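# Results of the structural survey
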Amino acid sequence: MDEGLIIQTADLKKSFGKFDAVKEITVEVPAGSIYGFVGPNGAGKTTTMRMLTTLTRPTKGQAWVNGYSVTEEPRAVRRSIGYMPDEFGVYDDMRVWEYLDFFAACYDIPEGERKRLINDLLELVDLSHRRDDMVDKLSRGMKQRLSLARTLAHDPAVLILDEPASGLDPRARVEIRELLVTLKDMGKTIFFSSHILADVAEICTHIGIIEAGEMVAQGSMDEMQSQMMPHREIVITVRNPEAAEKVKTLLQDVNGVLDIKDLEPQAGRSRIQINFTGDDEGVEAISQKLSEGGIAVLGFTEETKDLEAMFMRVTKGIVT
Ligand SMILES: Nc1ncnc2c1ncn2[C@@H]1O[C@H](COP(=O)(O)OP(=O)(O)OP(=O)(O)O)[C@@H](O)[C@H]1O
Ligand SMILES: [Mg+2]
């Protein structure tokens, strides 16, 4: 086991009959991270989470949460985690405070401590003003926040949240995202799933992409960017075709330049596209070379292949 990883799996597998929903995956979640577990419908996100939360037993392999084995020490695992399933549940006929009171009692929190705890949790998720309302009168966004408050009742180290932002409008999504960042700042590790990459990209420190039961890419956001984007496209704009020719001659031997091609001129200006595999220092070398060559550059842009494009590529199985 790696000390720095608060969730770790080894060849974790789940089969339903002959169908392998999760195929021997390795999940590595560093302590203190916000880890986005991303994949299309049916990829195996919920199944993985149900194994991590001890709700379903792995067919094969092992998983540790907070240092405890999900198969050998399931109670200790459950004490360490707060789990928010993808469905809200069946407690709609309670008041907001009763709902939290009920779950706090389930975690054996003494009656004398619960009132204060409930107040703190409601304040954290910004629902203090709704404490006496019936749960089924809450909006979906409020229900998600209440559900999140519930997972915090026993002050767990790790939150495992299955699609916490699903079905929410843009504003409610932002609220959930902000809440997750607050919880991270409180020292919690957050492992959450989503099939919407934009939800993940903004707040995550780490991401794992799962497809058809397999982890196709995993790492810190920085690692992912460089791992998944070895190709960069740089477009250089200069005044006229003569200058463009000069640029081509100057750059053809630069390390990492794969090919150079002319683009359609824009507003009478010549444009050259550079297909490049280098790092930032390589890009600096290119711009330096141009200035040394006395080229007057009108435009220098790098096409950013964003995470969304990367996700689409990866989940199609095309990792360039
Ligand atoms: N109890 C079960 N019995 C049989 N097949 C199952 C069972 N649970 C899940 N599956 C199948 O395993 C695969 C993975 O399902 P899972 O719910 O883990 O996906 P997911 O990534 O959470 O998808 P979604 O984004 O739709 O929530 C799917 O093909 C699903 O039909
Ligand atoms: Mg799911």
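Described below are features of the structure shown in this document.

Calculation notes
Residues numbered from 1 in each chain as written. Chains lettered and ligands numbered in written order. Predicted model: local features only at pLDDT ≥ 70, side-chain atom pairs only at ≥ 80, totals over all residues. Pairing = 2+ DSSP bridges. Helix = DSSP H or I, 4+ residues; strand = E, 2+ residues; numbered from the N terminus. Axes fitted to C-alpha atoms, helices over the stretch in contact; angles between N-to-C directions. Contact = placed C-beta atoms within 7 Å. Expected span 1.5 Å × (residues − 1). Buried ≥ 20, exposed ≤ 12 C-beta atoms within 10 Å, placed from the backbone.

### Comments concerning the sheet that holds strand β15 (residues 297-303)
Pairing is antiparallel across the open sheet formed by four strands, whose spatial order is β13-β14-β12-β15. Pairing within the sheet leaves two strands with one partner each, and these edge strands are β13 (257-266) and β15. Along the sheet, successive strands turn relative to each other by an average axial angle of 20 degrees, direction set aside. When strand β12 (residues 232-238) meets β15, the two strands line up antiparallel, connected through six bridges. Across the sheet, isoleucine 236 pairs through a bridge with phenylalanine 300, a residue of β15. Against the sheet, helix α9 (residues 241-251) touches β12, β13 and β14 (269-276), its axis set at about 15 degrees to β14. In the packing of helix α10 (residues 280-292) onto the sheet, contacts are made with β12, β14 and β15, and the angle to β15 comes to roughly 165 degrees.

### Overview of helix α5 (residues 140-151)
Across its 12 residues, α5 extends 17 Å between first and last C-alpha, which sits within 8% of the 16 Å expected from 1.5 Å per residue. Most of α5 is tucked away, with nine of its 12 residues classed as buried. Residues of α5 that are buried: Lys143, Gln144, Arg145, Leu146, Ser147, Leu148, Ala149, Arg150 and Thr151. The elements touched by buried residues of α5 are β7 (81-84), α3 (96-106), α4 (111-124), β8 (158-161) and α6 (170-185).

Note that every value here comes from positions in space, so none of it alone points to a role or purpose.
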